[in-house]
Structure formats: structure tokens, C-alpha cells
Amino acid sequence: MYREFKHLHLPSIDAEILQFWDDEQIFKKSVDQRPAENAFVFYEGPPSANGKPGIHHVISRTVKDIFCRYQTLKGHRVERKGGWDTHGLPIELQVEKELGITKEDIGKKITVEEYNQACRTTVMRFKDLWDDITRKMGYWVDLDDPYITFKNEYIESCWWLLKRLYEKRTANDESFLYKGFTIQPYSPAAGTGLSTHELNMPGCYRDVTDFSTVAMFKVKREDKSDFLFDANDEDVRILAWTTTPWTLPSNVALTVGPGITYAKVRTFSPYTGAPVSLVLAKDRLPAYFPEENAALAFEDYKEGDKNIPFRVEKTFQGTDLVGLHFEQLMPYVSSPELEKDGFRVLPGDWVTTEDGTGVVHTAPYFGADDMRACKENGVPMIGVPDDKGRILPLVDKQGRFVPEVTDFAGRYVKAEYYPAEVQAEKDFKPTDLLIALKLKDENKAFRIEKYKHSYPHCWRTDKPVLYYPLDSWFIRASAARERMAELNKTINWKPASTGSGRFGVWLENLQDWNLSRSRYWGVPLPIWRTEDENEELCIGSIEQLSQEVNKAVAAGFMSENPFSTPPPTPPQGGRGAVEQAAERRDAKSAVSGYSGRPSFKTDPERWKFLKDYVRANRKNPTSAEKDMWEALRDKQFHDIKFRRQHAIEDFIADFVSLEYRLVVEIDGDIHDLQPEYDKYRMEFLEASGYSVIRFTNSEVQNERPAVLKKLWQAIQVQKNTLAQAESPSTAPLPLGEGSGVGLKTGFDLHRPYIDDIILVSPSGKPMRRELDLIDVWFDSGSMPYAQWHYPFENQEKWKQNYPADFIAEGVDQTRGWFYTLHAIAVMCFDSVAYKNVVSNGLVLDKNGEKMSKSKGNVVNPFETIDEYGADATRWYMISNAAPWDNLKFDENGIVESRNKFFGTLFNTYNFFALYANLDGFKMDESNVLPYNKRSELDRWIISKLYSLVADYHAAMNDYEPTKACRAIENFVDEHLSNWYVRLSRRRFWKGEMGEDKLAAYQTLFECLMVVGQLSAPAAPFFADWLYRNLTAPIKATAKANNTPLQHDSVHLTDLTQPDPSKVDKALEKRMDHAQRICSLALSIRKKDKLRVRLPLQKILLPVLDGTFQVEVEAVKPLILAEINVKELEYITDASGLLKKSAKANFKTLGAKLGKDMKAAAAQIAEFNNDQIAALEQAGSLALSVNGASYTITPEDLVVSTEDLPGWATASDGTITVALDVTVTPELQAEGLARDLVNRIQNIRKDKDFNVTDRVVVTLERHPAILPAVEQFHDYIKGETLATDLVLADALDGEKVELNDEVALSIDARISL
RNA sequence: AGGGCUAUAGCUCAGUUGGUUAGAGCGCUACACUGAUAAUGUAGAGGUCGACAGUUCAAAUCUGUCUAGCCCUACCA
């Protein structure tokens, strides 16, 4: 039997199928059954588990899942190794927030290792939520063995890659990994550089008002500049604007736009009244020189006048200015090199004339563009040399001028860096203003005014940032720019514009990758250097590091080599817990290389830290912990008081009953993370009289009663143990040792431990690690290698899985993961990292607004999936808009998907199951009726089905899931349900099982089966449910015979391949005619209020060409049945009834006629039957338009017929339908008979008779129905399964209205 | 500021290399059907295709400028 269902409830299907997948390991089987040689490689972009999963994660993971499942169905082995991104600033920030500390407190209030531990814990905070959403949404990814970026193995692979870059040389013999400095946002108050991420935090960009200054730079007279001088004593100056006057002492150049037109203006200096000639961009003149002042007489000008006369003397190009020298504006510091190559005019493409003067004041240490311009043009840096000969900027790291800037020495460059009370002083003046005033006094300022602009601030100190030169390690990505762009062109981007635009344009302007981060929680840069920086070493593996440490031990810089110390051994029995612990502590200290720390007491600081930590933890329970707490809180569990997140000396228990000394642990973290530590901790607790009971997340969430039962048993055991003990254990717990939050045994490659490693240089000097961490994006870009711990392990595996065939992430990853994958692959392996990439758009709310917690418009994915089911949610997301378009998420859309697609498919299946069960039909794979023995309708839907299969494959191969889903949707709704099933209904319920009926079942079965397969990638639950229902009755047979339907799950089957032999386009065209003709006929009936049950005599079809008639003839029975008409008659030209009209075919004629098109179209519209016939017969016709003569052919016309006079007609395009609407008494009677059948059927249904029940029908003897009953007696009986049909004068039946005039009583009862 | 995406019916979206009257679904209104029935069908109303200019016989489609929304990048002085 096929299962039948009352209603569609997708969440129940989800649950049923999830259970089945789990029980039968379907995901694993779907991967394992495919050959490894036939791999389709997918890379999972790792999510960070320190944030909760949102609805936007559901869409990106749906996209990934769809293509992985599709390729699996096509026979590929698609392994999907999951992963976790664990490093990075957001995690540091969250830890700091939870602990209530700032970066300054690291190393003071808490140790760096405590901080490190807290990061480890925090990073997996929501892992169980992620696991849960992964499962519930049906995303198949292997989470049993994920890659985790904080693991030593992962870090080691990153190091290996870094070393490869370190050793790789450019054509100029430069290393791909180098130390340099760039201009970066820097917060003097916090003493640290800031990332763009930090600058983009809300509230960081703020409008501030600064003193802007237009300074006058005096041009030196020399050959090149001679053209500027019209008089010998002329004072020619170039104007340059700045919003940061404090950078003016550091000015070394001016930059002009080569293509910009500049002007020399003769005027007077506004502050001193001295005559002067000024150079600035011509476009900027109006900003400084009001038009009306051009007319003022120079002789009349007096110093102090507001309106200053001016004359534009000459104009010239920026290129004319390039190379000119000027006098240093504020000559505090200079050098011979500067005198030679500095203080001159440079060209710069980026110069605009939108504001300022069209000349950019250039101070290389305080502007990235400035630095670039100076480097490109060989302008030396300005500053004070330190003892190593490096040139330091004129502003120190605290943000103050150095002593050499005598007038302003020691002054903070920004007013905000002074304490508030200093700023509040009456005569306080910002340094910017002081500088401006000095320039004014010296006749070097042209204009000083306040200027409001948006400027970034440090999120921690709230003070403005400086752009400041900082040391950093870089990857020389610019050297691989061309190769990256070239290889990028081989990648299939969806959408293409992201690859060529957003990504491609960016690659073309690629800068070196700044790898350095001054942080704690990340992959340490594996470079050690001597203090004099003359010797350095890049480490590429732990083994290499260990060898280097051995040398360092020999040289006496290290006491021992932590990498060669065996891991601590478990304690032997027989000694006290405290002793054991102490011993382990020693071992561990030695291992981790931080010996000598006095941490044998729980000091107050540490205790406070733990308390704060658990307090924070309580606010962020995992959902399993939350569930557990719901069961235990408030003494509701057998009146036992439980505490959660309770610190027991140095350890934190998830839940504890102090009364019964029972600790309850829930494994919320990655299980294998710290097995040694867990063991150690358990022993500790047990030694002090505690018992520990552990549960997993899924136990707590899915098997609560069993969990509580076990817990109760444990309590009983503890009760007895405690009662038997002479006295409850009061032994003091061993005191803490600084690892309560958890530490993996073995050496941890993170800071601070790694920083304790000191190596020895070839010349015997100590080398210390460069303190930087690397950009976390390097972590994620390394995943193709690091996930397999390549090249230290899995070399073969890696080879098979590189590069990826397919990846998908949000479009925001373009310059993130997409880039780092690409960059590392190109630079290290001269390869792409992925061949196809889908970058999906954002998920917005239904009003198109970005979802954010503050707006309260975030959608909870768990609730959505619980309510509508995963499939409806997935289907909606994919079918509604292309993945790369932004999705306006609206729950109504999910409802629509559910009703329209799943509802229709469900109904179709249910229909099939209902009748198949009645007829005892079971699909028999060995006995399938050949298509040529099936009806036109059957062959048509099969043809449509295989057209769908072809379209589907094309779309999926092209990474167009939306097109694929819409094609399926259209097939199911439009063709399968609304045409095939509707027209075939009668075949299923009428008569005995014969060939036609069998054909109907087999056809419908095949359609459902294939549709299930095609939908499986996008709707994995429903598709499997459908497949399993369809195949359950024959599963055993199929397995025995080894036939295609033997598989337990649709996800294990082989996808139906396109098969052109099953597609019959001519048949599809015929059926299209039928559908359109029916639609037209029904619309006539509707217009003339002729019910479909009322048969009509005749339908007329004008025939415009011979093939049309042949085509329609083939589907004639379907048409007649559908519209309830008795005959179909064709009208040809010969009938004389046809009135044709013609329209121009614009497409063909337009090319020929060009601008005469319009006139010709008018002429053609006037054609009559004869003209059209003449053209059709002759095959061509001369047409004269506007004096020109053209030859037109029949293809140039679109011929249609006009209404037939005296007939009810309707037309659609070239098809016209006329209906004979004469209702004869016979037709009337037949119509009534059908009405009667209908009413009787309704009664059967009302009375809940079985579909197969035989009945006796009694009709009231109403005069109106007599002819119908008389003539259609047998018909009525047959249709209603009546054994008897009798008339009675009076009866106790159902009162039924037959039509407006006729009402009568009808009785139907089951015949005995 | 630069780069990119988007803009078509009340809503969500199609619209192939420019070509006749710009389509679909939902929603709304009316009607029909009734052995799929909390299903289905038919019809109607609803559009200056974001704005302006250009190319063309012909533009939702190609080009340019602009506007709005969003994303990424960014101290332009």
C-alpha cells in the first residue's frame, strides 16, 4: 500500500526524515558509495561559532547544500569537511566585554594565558546552536571531523605557507613576505594601530570641526619655473589646502593633477597686504576669488580691504608645474637629501578639483596617498634619524611634536589629546590654530577657517586617530597582481559581474597585503629576529622549530626544549590528590614553558577573575545548558538545590549540587578539545569527594527523561556514598594553578607561550619572535591546505581535493575569503583555489531593510524552520530570487512556496496513492509499458518531464538554482497538476485495470519519481519523503532485483539524465494548441454564461496553414472532453467564411525596410484576404513604400483571422476559436443529466460513501428532468455507480437546486 | 569619494541577440467547477518599465548623465 495523508505538514516530514537519515547514516552513505576518483570538491567557508546563526546563514548554506547534493546525485563523491573559524578581533572583543576588561588589562588584571583560555571557550559558545541549525535545515556537512583554526596542526600549515612565501622571490629578488611600514590608523592615546574593522564600528566616524589652512608655498626661481615669473621681483606662490595643519612641518612636496589646468593670479596677500602671485587650479578660482573683484583697480587697494582685486595672468597644465622647487614652508628639519630631491611639485592622478586648491600638500608620514606619491617620485622622508639611522616622524607615538619642531615641541597635535581641563582653559589654543597663526604672521597663510568633516575616532579612547607610519609585515601581493587577474579570468563567477567588477577591478589595483595584527588571539607570525634586525629566521614547521630550539638550548638561551618533552603521564595510584596535582603541575609547567610562575595559590585576583567569568557565562548559556537549567532550577528537581556555572576552587562546574557533591557537566564544546584536561579535572574533583556526571548536548535536548533519570540515579549513589563516609569529605581542595578554564596539554603555539621561545642566530645572538599575529583572513585562506594539515599529513588527500570545484559564500567575502583563497593559491601554487564560486547577496527584511538587532527585524531561523519546515524555507529562498540578488525575506513568501509547490506536489502524490491503493497498483520496474503504447497525453507529460530534466541540468550546471527550481515549480503546477492530472482523473477512477489505466499510473509514477529527484537538492526532506513513499511498496522487490529503485533514499539514487529520445517537441506544440484552444473556448462559455456541464454541439477552428489542422486533430479528443463539445470543425479559405488580417513581422521586415518600416506596417495592416492569398501563393509580393520598392515574403507577415460573423469567438495570437452556442433540447437534457450526476455525487460524498460503493438513487419526478432521465438513464447510473435509478412522486431525500428554476429531492443509499 | 549590485503591477519576480498589445505568481474583485475539494479553473481591475538625454525605422532592452536603496573599499589634501 502507498501511504496516504490527510494534510501536508512539512515540519513532521522534516522530523521523520531527519530520524531516518540519522538511523541509516544516509549522508555518510551518499558520500561513501561514490568513487573517490570521481570527486567533486567543495570547500566549506568556516563560520565563527561565537555568534548565533541567523537566517542569512540558512540561505548561504542552502546554496552550498544544493550543489553538493546535486553533484552527489550525478555520481560524484562530494566530501564536505566542516570547519570553525576561531580567531580574530570579534572574539577578543567579546571576551573583553564578558570579562569587563580592556586590552590594557591583559597581562595586568588577568594573565595572557587566562585571556587565551577565555578566547578558546568563547569561540565555541554557540557551537551547539550551529550544530542544531545545520541539522534542522538539512545542511549536509561533516561536523565530526571539522578543521579548527586554533589547532596546532592548522597553525603549522599556515606557518608552512608563510615560509613558502618568505622564500619565494619576485623577479627583482624580493621576498614575498617582508617587513615594511605603512601609514595606518593609529591611536596615540591607546598606543596601538587600529584595523579598518575597528574604524568601521558604529560611532567611530564622527563629524568634527578642524582648522583648515590654505598655505602659500614660495616658488624658487629657476629655469623650469621661469615661465611663472613676469617680473624679476615677483613673489610667486602655490596654494595648498589642508585640514590637518599639524602635518605642515612635515611637508616635503606638493602634488598636482597632470591633466588639470592651473592659473596664476596676481593679487595681494589677504593677511599682510603684500603683493603676490598665486598658483591654483583654474576650476577652484571662484572659491577664493569672487568674480566681481576681478574688476577692482589694483591702485585702489589698501591693506585690510575686504575686497581684494585680482587678475588671472595666465593658465597652464599641471605637467608644467611638475618638477618645480619651492621653499620649505616650515623649516624645522631638513637634510641634504631633502634639499636635493624634496620640496618639489609631483604629479598625482588622484588629485581632484572638488575642494581645496587642486594642489595637495604632501606629508608622506601622515597620508597613505602621500607616501605612495613620494615613494614613486623618489622624494626622501622628512624626520629625525634615530640611532639606527631610521628616520622617525616629527610626531612621536604619543601624538606630540618632537623637540626638533622647536616652536611646538611637546605639544599634542590634536586638541583632544589634552586633558579636558586643559582644553577648557581660557587661552587654550589647538596646535592646528597655533600653526595657522604662525603662518599668517609669516605671510605664508592665504586662508584660515573652520572646516567640518567626518573623521575617524578610536573606539576605545574616543579620541581622533592619526594616520601614522607603523611597522608591519606584508605579503607582496602586488607582485602577483597580473597572475591573479589572469587566473581569475578562468574562474566561473556567479554572478559574473562580481568576478569582473568588484573582484576583478580590485585585483587590478591590488596593494600589498598587510598581514600584521598587534593582538593576542590568532596565528603568531613565525619569524624570529635578532635585536639588531640583521639576522632573521622564518619557521615553517614545528619540527624545524624544535630543531632550532635544540640549538638554542645548546647556546643556553632556553633551559629545555618543550617540543621534545613527552606529554605528562597519568598519575599512578597510591598518593594523595594534592601531591599528584603538584606533580602534574610541574610537568605541565615544563611543557608549556612558563615555569617559574608563582601560581600555586588561588590568589584574590584570580578568584575574582573566575567569579567574573562564571557570571558572564551564566548570561550566555548554550541552549542545552539552558534546557538543563530549566529542569533543575528553583529546586524543582526532587527539591535539590542546584547551582549553575559554579566555581569550585579553580574549576567551573556547569551545574553542581553542593549538598550531594555532584557535578553535572554538559559537553557544549568540541569534544576532543581537551581530553587530558577533562580527565585531570575529573580526578581532581573526585579526589575531593565530588562525583561528576556528564551528558552531551543532544542527550539533554533530545532525551531529557533519560537524562533526568540518570541524574536521579547518580544522586542516589552519592547519597549512599556520603552516608557511608565517616564524615563528608572535608579535605581541602587543591589550590589553583592557573588553568581552570582549560588548556590543551602539549605545547600551545599561541601567544604567550610561543613568545617564550628564544632561538639562536647563526652568529650566536638570541632571536625573539616578531610579536605580531597574522591577519585572520590568512587563516581562512589557508584552509585548502591547513584543513588537511598539508603538507605534514594527507598529501594524497590534498591532491585529490585541490582546487575546489565549487565554493559559495556571501558577497561580502569577495575581498575576504574569496580573495585570500585566491591570493594564497596563486602565490604559493600558481593555481586557482576554486573553479566555480557563487557569491550570494544579503538577506533583508521584507521592507528591504538590513536586518539588525537594533531594528528588531532579525528573523530567528529556528522559529522559521519549526513553523514552515526546512524545505519550504529553502525553496522559498532559492526560487524567489537569484542567490546573488538581495533577498527580501518575507514569511508570506514561504507560505506561498509551501502551498503552491509542496501543496500541489503533495496533492498529486495523494491522488496517486488513493487510486493506486484502490486499484492495487504497484509500480513494477520489470514490466513498464513502452511509451509508444501510451496515450497522447501520457507521452506529452513524459516529453514535458524530459524537457524539464534537460532544462534542470542546464541550469544546475550553470549554477543557476533559481532557474532550476522555477522550472520544476512550473512543471508541477502548470503541466502535471493542472493539465495532466486534471485531464486524466477519469482514467484513474473509471473502469477496471487495463492498459490505459496502467499507462496512466506508470506515467504519473514516473513524473513524481523524477520530480522528487530533481527537487532533492533544494528540498531534501520532502523529496526523500516522496521517494520513500513511492518506492516503499516495492522496495524489497527492487533490492532483490537490483533495480534503480532499490535505494533507501532519493539521495542515494542516480539522477535522471536528459534523454532527447523522450522529448517530442511536436507533441508539446500540439498540446500547447489544445491548451490554448480550451482556454479560449472556456472564456467564450464564461462570457455567454454557458456552464461547462452543458454540452455544446460544435467548435469551429479557422485554419491558416495545413500543419495546424494535423496538429489539432491529434489532440481533438482531449479538447472536446475538456470543453464538453461534441464536434470540431475546421474552416479553411475555401469556406469563404474566413476574414484574414495581416500584421507586419517587425523583426524580419525591420532589417529590410529600415526607416520605411512604419509606412509599410500601415500598408500591410490594410491587406485583405485576396492580397494575403496572393502573397501566400506567389511566395513574394512587391511593396512600394515612399517611392521605394521592396519584395516581401510570407514570413514577413503575421496572419490571423478576424471574428466570424454570427459566431461567438475569441482569439489569442494566431489562434481563433468560434463556438456554436445553440442549445438544443437534446443538449439541454444532456446537460441536466450531468447536473444530476453531479448532485448525486455530492450526496455520495456528503454521506461519506466509499468511492466504490454501489447505490440506489431515487429522484423526485420533476417535469424538468424527465427528458434527461429518460435519455441518459444508463449514463447517470454508470457515472454514479447506481444499481437502480428510479423516479418517485414523493420522497424523503436531499433537497437540491439543479439550476435557477429547478429544485428537487434526490435520495441515494447504498444498495444491498 | 571610488568600485559594484539593484530599480518593471499593491507585493515577489520573469522579460532571450533591440521588434507587434511588457508577462507570471501572490493579493484584490467577480464567476465557474466539484470522485484532488481547507484543492482547482476562468475572467477583470492594476504599469508614463526610477528620471532625463542620446543611438535607431523601432528601446524595459544599447549608450551617457542623474536619482534612490544596498554592499564592499576608503583619512583624498
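What you see is a predicted model, and the numbers here were worked out from it, not measured in a lab.

**What about the protein's contact with RNA strand B?**
Step number 1: As a matter of local geometry, RNA strand B sits amid 60 residues, with W241, V360, G367, R1093 and V1251 nearest to it.
Step number 2: Taken together, the residues that form the surface near RNA strand B break down as 19 nonpolar, 20 polar and 21 charged.

**Considering the packing of aromatic side chains**
Step number 1: This structure, assessed with the given rule, holds 67 aromatic pairs.
Step number 2: Three or more aromatic residues joined by ring pairs form one cluster here, namely Y2, F911, F912, Y915, F921, F988, Y1001 and F1005.
Step number 3: Lying across the ring of Y178, R476 places its NZ or CZ 3.9 Å from the centre.
Step number 4: Over the ring of F20 we find R1028; its NZ or CZ atom is 3.6 Å from the centre of that ring.

**Let's talk about a nonpolar patch on the surface**
Step number 1: There is a patch of nonpolar side chains on the surface, built from L914, L918 and V1251 and spanning about 230 Å² of accessible area.
Step number 2: With respect to the helices and strands, the residue V1251 is situated in the loop between α41 (1225-1246) and β41 (1255-1260).

**A closer look at a negative patch on the surface**
Step number 1: On the surface, a cluster of negative charge is made up of E863, D866, E867 and E891.
Step number 2: Looking at which element gives the most residues to the negative patch, the answer is helix α28 (residues 861-868), with three residues.
Step number 3: Its place among the elements puts D866 in helix α28.

**Description of the sheet that holds strand β34 (residues 1125-1131)**
Step number 1: Read from one edge of the open sheet, four strands run β34-β33-β40-β39, paired in mixed fashion. Strands at the two margins of the open sheet, each flanked by one partner only, are β34 and β39 (1208-1212). The sheet shows a mean angle of 20 degrees between the axes of neighbouring strands, direction not considered.
Step number 2: Taken strand by strand, helix α36 (residues 1065-1087) contacts β33 (1096-1102), β34, β39 and β40 (1215-1219), and its axis lies near 45 degrees from that of β40.

**Here's the deal with the pairing of strand β3 (residues 177-187)**
Step number 1: For β3, the buried fraction is high: eight of the eleven residues fall into the buried class.
Step number 2: In this structure, β3 lies alongside strand β16 (residues 466-475), joined through ten bridges in antiparallel fashion. Paired with Q184 across the bridge in β16 is Y468.
Step number 3: Here β3 folds back onto strand β4 (residues 192-193), and the loop between the two strands holds four residues, one of which, G191, carries a positive phi near 70 degrees.

Criteria and cut-off values
- Residues numbered from 1 in each chain as written.
- Chains lettered and ligands numbered in written order.
- Predicted model: local features only at pLDDT ≥ 70, side-chain atom pairs only at ≥ 80, totals over all residues.
- Heavy atoms only, no water.
- Near = heavy atom within 4 Å.
- Nonpolar A, V, L, I, M, F, W, Y, C, P; charged D, E, K, R; others polar.
- Phe/Tyr/Trp six-rings, centres within 6.5 Å; stacked < 30°, edge-to-face > 60°.
- Lys NZ or Arg CZ within 6 Å of the ring centre and 35° of its normal.
- Patch = residues over 30% accessible without salt bridge, like charges linked within 9 Å, V, L, I, M, F, W, Y side chains within 5 Å.
- Areas by Shrake-Rupley, 256 points an atom, 1.4 Å probe, with all protein chains shown as cover.
- Salt bridge = Lys/Arg side-chain N within 4 Å of Asp/Glu carboxyl O.
- Helix = DSSP H or I, 4+ residues; strand = E, 2+ residues; numbered from the N terminus.
- Lys, Arg positive; Asp, Glu negative; His and termini not counted.
- Charge placed at Lys NZ, Arg CZ, Asp CG, Glu CD.
- Pairing = 2+ DSSP bridges.
- Axes fitted to C-alpha atoms, helices over the stretch in contact; angles between N-to-C directions.
- Contact = heavy atoms within 4.5 Å.
- Buried < 20%, exposed > 50% of the residue type's maximum accessible area, 1.4 Å probe, protein only.

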